[in-house]
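Topology and contacts: notes
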There are 2 protein chains.
Amino acid sequence: MWMSTFWRLARPALQRSTSAAACRALRACRRPGRSGPTSMQLRGQQTLGSACVPLAQHSVRTVRALDEERMVEVEWEGGGHSLYPFTWLRDNCQCPLCTLDSAQARKLSMLDLDVHTGLDAVEVTNDNKVSVLWPDRHTSAFDADWLKRRCFSAAARRASREELFLNQRHYWDSELRVPTADFQEVLRDDRAALDWLLALRRVGVVHLTGAATERGAVARLAERVGYLRLTFYGHTWQVQDKPMANNVAYTSGKLGLHTDYPAMHFAPGVQFLHCISAAEEGGESEMVDGFHMAELLRREDPEAFRTLCSVHVDFTDTGTDYCDFMLQSKKSIIE
Amino acid sequence: MWMSTFWRLARPALQRSTSAAACRALRACRRPGRSGPTSMQLRGQQTLGSACVPLAQHSVRTVRALDEERMVEVEWEGGGHSLYPFTWLRDNCQCPLCTLDSAQARKLSMLDLDVHTGLDAVEVTNDNKVSVLWPDRHTSAFDADWLKRRCFSAAARRASREELFLNQRHYWDSELRVPTADFQEVLRDDRAALDWLLALRRVGVVHLTGAATERGAVARLAERVGYLRLTFYGHTWQVQDKPMANNVAYTSGKLGLHTDYPAMHFAPGVQFLHCISAAEEGGESEMVDGFHMAELLRREDPEAFRTLCSVHVDFTDTGTDYCDFMLQSKKSIIE
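Everything numeric in this text was worked out from a predicted model, so none of it was measured.

What chain A contains, in helices and strands, is 11 helices and 12 strands. Here chain A, with 335 residues, has 44% of them falling under the buried criterion. Restricting to contacts in chain A with at least 6 residues of sequence separation, those with at least 24 account for 58%.

Structural data, given as structure tokens:
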């Protein structure tokens, strides 16, 4: 079930279309010095179904400490208010002592965090930051937009999840019209590369056309958006009839529907397959949306679904290729 | 919590000490043409705590079909019997039509498997195989040792799991005396390499001494037993004070206990750290057995344990290194 394989790596690989996988596609259209996406690109994502928090400047009207609930309440210009726990604010202090700005990483050690901290004073500064004075005289200043993006309301968190994880999915059956993209255009044009990645993320499969019928296209495509992952079959491999085949894929026999590398702890996510020479007869590729099928099974035969989710079966892969290998794993069929 | 990081990749990486990671260490002492471990090596594993099924030849005394239960009962010379379901036997037929011997992989399509198959006849052949005649006139012959190793009794399955997954673990606290190995010996001697891998598997950390104080040792060690995994920090990276550090590890500040790469879907398993130049002051490495601590917490504060197992927190890693990256994940602290 190819989709389930895809899914397992797609989540980290294509997050927000600014992951390691996608960043290269976007780099050319970044403003110098920006390592994050430009707002233009974020809007681009929104048109593709990501409901990220609007980028408009937010302003704080009033702010007050609710000592009983140990929350800071922020009332926004234009209506609405947000609540932020004392402990969360202290834990997320953005000052140079608590946060390494160049890495956008915390420096504040958990050991130095008083999870029961009170709060001495909170106010809105002239430059529209929320400034907090802590009992230990440490001060934190939070940018209004930074706070708004981290609002704990259910709606804001849902929107944030959408923005960060591009949750839009299209599960499909035989009605699917496989999305297509032009290989050369994806290599050349950042917008085309982004659209390709977003379609891959959403549907799980994209048919690229127009690659030269020679080896190397797969590596070029991967380099375009990230890097190839080395396995014991090497960086790339040739799916062709081989003597003493160490894999059923290396024979002329029928290759049924399957999930690749189930014996691996980390199954491949996105796989690039390049048809260099089509067989005169046979050789068609078959794909199934494992999520769609699993959902059908769950509805039509819940007990079978539970069995496939709970019973661990043995997977093994053994042979010699890039190196010799003998892998063994125990996994349920539906994860 | 380094151990938890280790654990996540250690399982596939060190299975049976004949995985891609370990196979190279073993290759030199293999007999030509053998891609599996030699029995000598298996015994070697047993002395290191793997209770694999004895390798002695097994003989079948009698065999009969239990049509009611749809099981084949094998009675062994030397006592004991095993039960094998009809469907399982048909599904695992080892004949060239059903199994690709060179890949040790199934060729029989699920579509062609009658899960409700009966059985026309079962007998012990002169060469001590269990031969089955199926209603469709297909025949299967199962080697006695092959069957014995796949006995479904709880004890046999426990032994098989031990052999396949080397489950022996040592969880530790500050009393731990970190296992040590000699870097040069591990490179030179296969037995030393295997012992190193087994200790790494069992304890999660091994201190290697005697590497030259220059770059390249990490890569040599990895090449010895497998291959390095590429990340957006590159194949290897230098943990040193850097201007505009994209990671807290690249500063002279204190680096608290942490799990590496939590923002990645696939956290690193085994990490090789080579101290080339020790700081005159500070710079000590700290490690904690995350499994030991999690177990302590589970006992001493079950509610806190449940919280850390169930609440998903955001992890993010952003910056520029081997490529520019922006990763985001939601995971529980204890997985």
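Inspection of the entire model under this criterion finds 31 aromatic pairs over all chains. Arranged with centres 4.2 Å apart and planes meeting at 0 degrees, the rings of A:Phe266 and B:Phe266 form a pair that is stacked. In this pair, A:Phe266 is assigned in the loop between helix H9 (217–225) and helix H10 (290–300) and B:Phe266 in the loop between helix H9 (217–225) and helix H10 (290–300), connecting two distinct chains. Like B:Phe266, A:Phe266 is buried. With 5.1 Å between their ring centres and 80 degrees between their planes, B:Trp88 and B:Phe152 make a pair best called edge-to-face.

The next thing to look at is the sheet that holds strand S2 (residues 71–76) of chain B. Residues and elements named next belong to chain B. Reading across from one edge, S1-S2-S3 is the order of the three strands in this open sheet, with antiparallel pairing throughout. In the strand order of this sheet, the two ends are held by strand S1 (60–66) and strand S3 (81–85), each with one partner. On average, adjacent strands in this sheet sit at an angle of 20 degrees to one another, irrespective of strand direction. With five bridges joining them, S2 and S3 adopt antiparallel strand pairing. Paired with Glu73 across the two strands is Leu83, which belongs to S3.

If you check the backbone angles, A:Arg70 has positive phi at about 55 degrees while not being a glycine. For A:Arg70, the location among the structural elements is in the loop between strand S1 (60–66) and strand S2 (71–76). Using a relative accessible area of 28% as the deciding quantity, one classes A:Arg70 as partly exposed. The backbone of B:Arg137 sits at a positive phi, close to 70 degrees, despite the residue not being glycine. Inspection of the secondary structure assignment puts B:Arg137 in the loop between strand S7 (129–133) and strand S8 (139–143).

Next up on the list: the UniProt feature "domain: Gamma-butyrobetaine hydroxylase-like N-terminal" (unreviewed entry) in chain A. Residues annotated in UniProt with the feature "domain: Gamma-butyrobetaine hydroxylase-like N-terminal" (unreviewed entry) correspond here to residues 66–147 of chain A. Note that residues 66–147 of chain A is 12% helix and 37% strand, and that its end C-alpha atoms are spaced 17 Å apart.

A few words now on helix H6 (residues 154–165) of chain B. Given 3.6 residues per turn, any residue in an α-helix points the same way as the ones three and four places further on. Residue and element names in this part refer to chain B. Along its 12 residues, H6 runs 16 Å from first to last C-alpha, staying within 8% of the 16 Å computed at 1.5 Å per residue. Here H6 has its buried residues at Ala156, Ala159, Ser160, Glu163, Leu164 and Phe165. Backbone geometry just downstream of H6 places Leu166 in the positive-phi region, at approximately 40 degrees.

Here we come to the environment of B:Arg298. All names here are of chain B. Secondary-structure assignment places Arg298 in helix H10. With a relative accessible area of 39%, Arg298 lands in the partly exposed category. Only 2.6 Å separates the side chain of Arg298 from the side chain of Glu295, close enough to count as a polar contact.

A few words on the packing of H10(B) against helix H11 (residues 302–310) of chain B. Residues and elements named next belong to chain B. Interaxial distance between H10 and H11 falls to 5 Å at its minimum, and their mutual angle equals 130 degrees. The angle between H10 and H11 falls in the class oblique. Where H10 abuts H11, its residues Ala294, Leu297, Arg298, Arg299 and Glu300 lie against Pro302, Ala304, Phe305 and Leu308. Among the residues making up the contact of H10 with H11, the classes are represented as six nonpolar, no polar and three charged.

Our focus in this paragraph is the sheet that holds S8(B). All names here are of chain B. Across the sheet, which stays open at both edges, the three strands sit in the order S6-S7-S8 with antiparallel pairing between neighbours. The open sheet has two edge strands, strand S6 (121–124) and S8, and neither has a second partner. The average angle at which neighbouring strand axes cross in this sheet is 15 degrees, direction not considered. Note: S7 against S8, five bridges, orientation antiparallel. Its bridge partner lying in S8, Val130 is registered against Phe142.

Let's shift gears to the pairing of strand S6 (residues 121–124) of chain A. The side chains of a regular strand alternate between the sheet's two faces. Residues and elements named next belong to chain A. Bridge count between S6 and strand S7 (residues 129–133): four bridges; the pairing is antiparallel. Within S7, the position partnered with Glu123 by the bridge is Ser131. Hairpin connection from S6 to S7: four residues lie between these consecutive antiparallel strands, with Asn128 at a positive phi of about 65 degrees.

Residue and element names in this part refer to chain A. On inspection of all chains with the given rule, the structure shows 24 salt bridges over all chains. Close ionic contact of Arg61 with Glu75 constitutes a salt bridge, the shortest N to O distance being 3.3 Å. Here Arg61 is found in strand S1, whereas its partner Glu75 is found in strand S2, with 14 residues between them in sequence. In this structure Glu75 comes out as partly exposed when scored by relative accessible area, which is 29%. Taken together, the shared-partner salt bridges in this structure form one network comprising Arg61, Glu75 and Glu77.

As a further point, take the UniProt feature "domain: TauD/TfdA-like" (unreviewed entry) in chain A. With numbering aligned to this structure, UniProt lists the feature "domain: TauD/TfdA-like" (unreviewed entry) at residues 180–319 of chain A. Secondary structure content for residues 180–319 of chain A is 35% helix and 10% strand, while the C-alpha to C-alpha distance between its ends is 36 Å.

We now examine the pairing of strand S12 (residues 324–332) of chain B. Residue and element names in this part refer to chain B. Across the nine residues of S12, eight count as buried, placing the element largely inside the fold. Strand direction decides the pairing type here: strand S11 (residues 312–320) and S12, joined by nine bridges, are antiparallel. Within S12, the residue paired with Asp314 across the bridge is Lys330. Counted between consecutive antiparallel strands, the loop separating S11 from S12 contains three residues.

As a note on interpretation, predicted positions should not be read in detail where pLDDT is low. Residue and element names in this part refer to chain A. When pLDDT is averaged along chain A, the result is 81, and 83% of the positions lie at 70 or above. Residue range residues 1–54 is modelled with pLDDT below 50. Its contacts to residues more than four positions away, or to other chains, number 173 contacts. Scoring the predicted complex yields pTM 0.75 and, for the interface, ipTM 0.73.

Okay, H10(B) next. Along H10(B), the positions that sit buried rather than exposed are B:Gly290, B:His292 and B:Ala294. For H10(B), the capping residue at the N-terminal end is B:Asp289, with a side-chain oxygen 2.9 Å from the backbone nitrogen of B:Phe291.

Residue and element names in this part refer to chain A. Among the structural elements, Ser109 can be located in the loop between strand S5 (105–106) and S6. Look at Ser109 and you get partly exposed, because its relative accessible area is 24%. Sequence-wise, Ser109 and Tyr261 are 152 residues apart; in three dimensions their C-alpha atoms are separated by 40 Å.

Residues and elements named next belong to chain B. Mapping Ser131 onto the fold places it in strand S7. We classify Ser131 as buried; its relative accessible area is 16%. Sequence separation of Ser131 and Ala141 is 10 residues, and the distance between their C-alpha atoms is 4.3 Å. Ser131 has contacts with Ala121, Val122, Glu123, Thr125, Ser140 and Ala141, leaving out every residue within four places of it along the chain.

Reading the values: rules and limits
Residues numbered from 1 in each chain as written. Chains lettered and ligands numbered in written order. Predicted model: local features only at pLDDT ≥ 70, side-chain atom pairs only at ≥ 80, totals over all residues. Heavy atoms only, no water. Helix = DSSP H or I, 4+ residues; strand = E, 2+ residues; numbered from the N terminus. Buried < 20%, exposed > 50% of the residue type's maximum accessible area, 1.4 Å probe, protein only. Contact = heavy atoms within 4.5 Å. Phe/Tyr/Trp six-rings, centres within 6.5 Å; stacked < 30°, edge-to-face > 60°. Pairing = 2+ DSSP bridges. Axes fitted to C-alpha atoms, helices over the stretch in contact; angles between N-to-C directions. UniProt positions renumbered as here; feature names shortened; annotations may be inferred. Expected span 1.5 Å × (residues − 1). Polar contact = N/O pair within 3.5 Å; in protein donor to acceptor, adjacent residues only side chain to side chain. Parallel < 35°, antiparallel > 145°, perpendicular 65-115°, else oblique. Nonpolar A, V, L, I, M, F, W, Y, C, P; charged D, E, K, R; others polar. Salt bridge = Lys/Arg side-chain N within 4 Å of Asp/Glu carboxyl O. pLDDT = per-residue confidence, 0-100.

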